[in-house]
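Letter by letter, the chains look like this.
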Amino acid sequence: MSLSFGLSPWILILLGLLAVAGAIWLYRNTVPRVESSGRIVLSGLRMASLLLLIFLLVEPLITRERTAADPPVVALLIDDSQSMVADGDTTAIRAAAAGITPPGADVRAFRFATDLQVDVPDSMHFSRGRTDISAALEQTLAELEGENLRAVVLVSDGRYNTGRNPLHIADRFPVPVHTVVLGDTTSRQDVQVRRVLTNEVAYRGTALPMEVGIRHEGFGNARVTVRVLEGGRVLDQEQVTLPAEAGEVPVTLEVVPDTTGLVRYDISVSRSVDEFTYRNNVASVAVQVLESRRRVLLLGGAPSPDLTAIRAALGTDDELAVDLFVRRSSGGYFQGPLPDLTEYDLLILSGWPSQGTDAGDVDRVASAVAEESIPLLLTLGQRTDFRLMQRLGPILPVQPRVIRSGRTEGRPVRTGAGLRHPALALPANAPGDAWNALPPMAVTDVTWQTAADAQVLATTAIRGVTLDDPSLVLRRRSGARAAVLLASGFWQWSNLPPSLEAYQEVWPTLTGNLVQWLAAPEDDRPVRVRPLTTSFEGGERVEFFGQVYDESAQPVPGATVDLQIRTPDGTTLPFAMRSIGSGRYRADAGTLPEGRYAYTAAASLANEQLGEDSGVFSVGPLALEYQDTRADAALMRQIALRTGGQALDLSSLGALSQPAAQASWLHPRDRVVRSSIRLWQRYPFLVLVLVLLTAEWFLRKRRGLV
């Protein structure tokens, strides 16, 4: 025990002497005069109260120390995932785990799958769909931080399917991990749907292929039926003979979607007698089915190699349905009259309008683009009529200001904006000097006037001299997008000689980038909420991410975002999204049963509605835990070895409770406990000061002192 002060003891002594001197001086002469014994008593009371007040004002602190022994803590982690049901008797698991009672140790039981939860009697149901051993070990350290954790007992089959490799955690784990391996390490008779490969986006009425991998153990030469179903309706099926040796056989199925939206397809393989489990005989995929492919109208001013190059590049994109109309020199189009332009999702003008083009057709294009906000891509041609081009007016980001007929060779030079824009992103395998290595284009001597809100991605270099003349101009205005390539002769980029084979993908990539940017939908919704994926696997946590904007498209922090999820049976599950700053929001709906779900999110601020968003997502069946039916004893042994623990089985788990086994790693931890008493905060001292001052006042009044 020690006593300390907030000020130097010498200051305390000095103040004490001043208090004593002041008390004596105060009562050396009194009116009326008081006998010496009375003055001594009064001086003593005043002196005691002053000394006590000074003592408290310097903040006296009494510190005490004692040594306490923290009992050793043992964390018992039991795998609560689905695979544990098949790996052993769950009653035996609970009974053996309950028998771990090391002498003098504090056993803390936890169950885990993707996260750690404190175990309570009968709380383990072995029904969770994922296993994350790394997270369980890390969360154990966080849960028992500051306690005398001496060991971890990990009861699992070692099959993790989420999170990091547990060996990375084991290399630096501070205490031994004793592993208890459950399950059979040998292969079991089983047939399962191992993988399903298909497109994430499909179109109604268009065939959608699916490649399915069927894996088996112990069913060589057996005949099985693989089916694809939608809502219980069989859409396609195929009978296959499993290979004689254990392994995987590919199966190709095909469906033709007849509805739009998020559609879930179930792929199943027929059951075989004596299978280890039927839970992995089915897998699900979710496909976003669109109404149809995007329709593109390609207008050519005349037959030309450039027009052929554009058509070939568009043909590599299965999501585009291209209608080609080419103007004849005698008037009209080879394919007949122009169709209804409003039915198209994108207009591409190659060398159009050309000389002799009907001005009415030009006005129709200008009107359709302006009124329907149809994206537009225009490229020049040898016969482009620049005066008719001026009739397209404000729908273009650039206009011919001074028209000249001359042409020369030039190369595009990316501007600062072009270096960052995805439209000019090169293929991953293309060399960085593509723009200089490709054949030159033909550029006109026309002087161009760019719109104020246009973005110049590339200018022109002629004979190595970079000019300010634009060669690629883009613009976004009122929800509509337009791009103009002020050159021709790029057909050479699609017909490169063998020496330039490395640049073969530049032209298709450039065309695809421009089409993708032009056709990208403008999203001006004030509330935007979406799930992290439209198709969650069984047992995977369903999480949402959202953004909220005001009328000026500025992020809105602190809004209330209510999320409602409608289950397949019509039940509504409410959730509140939490703000993560800068107008962004998140929500965790946990794990949900398999099925197709719909959600609605509504945002408000100060009782004012800001907007809503909605969508759909699906959850697949709980089959992940059954994709590999063998216990991973090698992983469990490595965890024990790297942490200094023991690798055990269920029958030897009780050995950890034997005193001889505990001596080396279970022992209390001495801990110094310090406690402090702030005397100036103790009310008895205040009472004593009041008593002393009251007694002095009472005696002064009895003697009539003034």
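Residues numbered from 1 in each chain as written. Predicted model: local features only at pLDDT ≥ 70, side-chain atom pairs only at ≥ 80, totals over all residues. Heavy atoms only, no water.

Caption draft 1: Region of the structure containing the overall build of the protein. When you go through the protein residue by residue, the secondary structure sums to 15 helices and 36 strands. Of all 706 residues assigned to the protein, the portion counted as buried reaches 45%. Accessible surface, the protein: about 34,800 Å² in total, of which carbon and sulfur atoms supply 51%. (Helix = DSSP H or I, 4+ residues; strand = E, 2+ residues; numbered from the N terminus. Buried < 20%, exposed > 50% of the residue type's maximum accessible area, 1.4 Å probe, protein only. Areas by Shrake-Rupley, 256 points an atom, 1.4 Å probe, with all protein chains shown as cover.)

Caption draft 2: Structural context of the sheet that holds strand S10 (residues 208-217). Pairing in this open sheet of three strands is antiparallel, and the strands run S8-S10-S13 from one edge to the other. Looking at the sheet topology across the chains shown, the edges are occupied by strand S8 (190-197) and strand S13 (247-255). Averaged over all pairs of adjacent strands, the angle between their axes in this sheet comes to 25°, without regard to strand direction. Where S10 meets S13, nine bridges bridge the pair, whose relative direction is antiparallel. The residue of S13 that forms the bridge with Pro209 is Glu254. (Pairing = 2+ DSSP bridges. Axes fitted to C-alpha atoms, helices over the stretch in contact; angles between N-to-C directions.)

Caption draft 3: Looking closely at empty space enclosed by the protein. Under the definition given, this model contains three cavities of 30 Å³ or more. What the largest cavity holds in volume is close to 110 Å³. Of all the secondary-structure elements, those providing two or more residues to the lining of the largest cavity are strand S21 (407-414), strand S25 (465-477) and helix H12 (506-519). Looking at the lining of the largest cavity, the element that brings in the most residues is S21, giving three residues. Taken as a whole, the second largest cavity spans an internal volume of roughly 50 Å³. What lines the second largest cavity is simply Ile310, Leu377, Thr379, Leu485, Trp507, Thr511 and Leu514. Put simply, the parts of the chain that give the lining of the second largest cavity at least two residues each are strand S19 (376-379) and H12. The leading source of residues in the lining of the second largest cavity is H12, at three residues. (1 Å grid on protein atoms, 1.4 Å probe; cavity = no way out; pocket = protein on both sides within 12 Å on 5 of 7 lines; lining within 4 Å. Points joined across faces, edges and corners; volume = space filled by probe spheres on them.)

Caption draft 4: Focus on the layout of surface pockets. Each pocket or cavity is described by its volume, and for the second largest pocket that value is around 320 Å³. Sorting elements by how many residues they give to the lining of the second largest pocket places H12 first, with six residues. Residues of the lining of the second largest pocket, tallied by class, amount to nine nonpolar, four polar and three charged. (Nonpolar A, V, L, I, M, F, W, Y, C, P; charged D, E, K, R; others polar.)

Caption draft 5: Just the pairing of strand S6 (residues 149-156), in detail. For S6, the buried fraction is high: seven of the eight residues fall into the buried class. Where strand S3 (residues 73-79) and S6 come together, six bridges link them in parallel fashion. Across the sheet, the residue bridging to Val74 is Ala151, located in S6. Note: S6 against strand S7 (residues 177-181), five bridges, orientation parallel. Note on S7: the bridge partner recorded for Ser156 is Val181.

Caption draft 6: Quick peek at unusual backbone geometry. In this structure, Pro353 follows Trp352 across a cis peptide bond, with omega equal to 5°. Relative to the helices and strands, Pro353 is located in the loop between strand S18 (346-350) and helix H8 (359-372). Of note in this structure, Ser373 is not a glycine but carries a positive phi near 55°. The residue Ser373 is located in the loop between H8 and S19 in this model. A positive phi is found at Asn607, a non-glycine position, where the angle reads about 65°. For Asn607, the location among the structural elements is in the loop between strand S33 (595-605) and strand S34 (608-619). Judged by its relative accessible area of 83%, Asn607 is exposed.

Caption draft 7: Looking closely at the environment of Ser350. Summarising the element assignment, Ser350 is placed in strand S18. For Ser350, a relative accessible area of 3% gives the class buried. With 42 residues separating them in the primary sequence, Ser350 and Thr308 have C-alpha atoms 9.8 Å apart. With residues near it in sequence (within four places) discarded, Ser350 still touches Leu298, Leu299, Gly300, Gly301, Asp306, Leu307, Ile310 and Thr379. (Contact = heavy atoms within 4.5 Å.)

Caption draft 8: The arrangement of the pattern of salt bridges in detail. Using the criterion set out here, one finds 20 salt bridges in the structure. For Glu248, the salt bridge is made with Arg195, and the minimal N-O distance between the two is 2.5 Å. One end of the pair, Glu248, is in strand S13; the other, Arg195, is in strand S8, and 53 residues separate them in sequence. Overall, the relative accessible area of 27% leaves Arg195 in the partly exposed class. The closest approach of N and O atoms between Asp588 and Arg541, which form a salt bridge, is 3.0 Å. Here Arg541 lies in the loop between strand S28 (535-536) and strand S29 (543-548) and Asp588 lies in strand S32 (residues 584-588), a separation of 47 residues in the sequence. Accessibility expressed as a relative area gives 34% for Arg541, which makes it partly exposed. (Salt bridge = Lys/Arg side-chain N within 4 Å of Asp/Glu carboxyl O.)

Caption draft 9: Structural detail: a nonpolar patch on the surface. Residues Leu7, Ile11, Leu14, Leu15 and Leu18 make up a contiguous nonpolar surface patch of about 440 Å² in total accessible area. Summarising the element assignment, Leu15 is placed in helix H1 (residues 9-26). With a relative accessible area of 33%, Leu15 lands in the partly exposed category. (Patch = residues over 30% accessible without salt bridge, like charges linked within 9 Å, V, L, I, M, F, W, Y side chains within 5 Å.)

Caption draft 10: Examining the sheet that holds strand S27 (residues 527-531) more closely. Spatially, the eight strands line up as an open sheet ordered S27-S29-S32-S31-S30-S33-S34-S28, and their pairing is mixed. The open sheet has two free edges, formed respectively by S27 and S28, since each of these has just one partner strand. Strand direction decides the pairing type here: strand S30 (residues 560-566) and S33, joined by seven bridges, are antiparallel. For Arg566, the partnering residue across the bridge sits in S33 and is Ala598.

Caption draft 11: Main features of H12. Taking 1.5 Å per residue, 14 residues should reach 20 Å; H12 reaches 20 Å between its end C-alpha atoms and fits that length. Within H12 the residues assigned to the buried category are Val506, Trp507, Leu510, Thr511, Asn513, Leu514, Val515, Trp517, Leu518 and Ala519. (Expected span 1.5 Å × (residues − 1).)

Caption draft 12: Molecular detail of the packing of H1 against helix H2 (residues 36-57). Where H1 meets H2, the axes come as close as 9 Å, and the angle between the chain directions of the two elements is 155°. Taken as axis vectors, H1 and H2 run roughly antiparallel relative to one another. The chirality of how H1 crosses H2 is right-handed. In contact with Leu12, Leu15, Gly16, Ala19, Val20, Ala23, Ile24 and Leu26 of H1, H2 contributes Ser43, Arg46, Met47, Leu50, Leu51, Ile54 and Phe55. Here the residues of the contact of H1 with H2 sort into twelve nonpolar, two polar and one charged. (Parallel < 35°, antiparallel > 145°, perpendicular 65-115°, else oblique. Left-handed = near helix turned anticlockwise from the far one by under 90°.)

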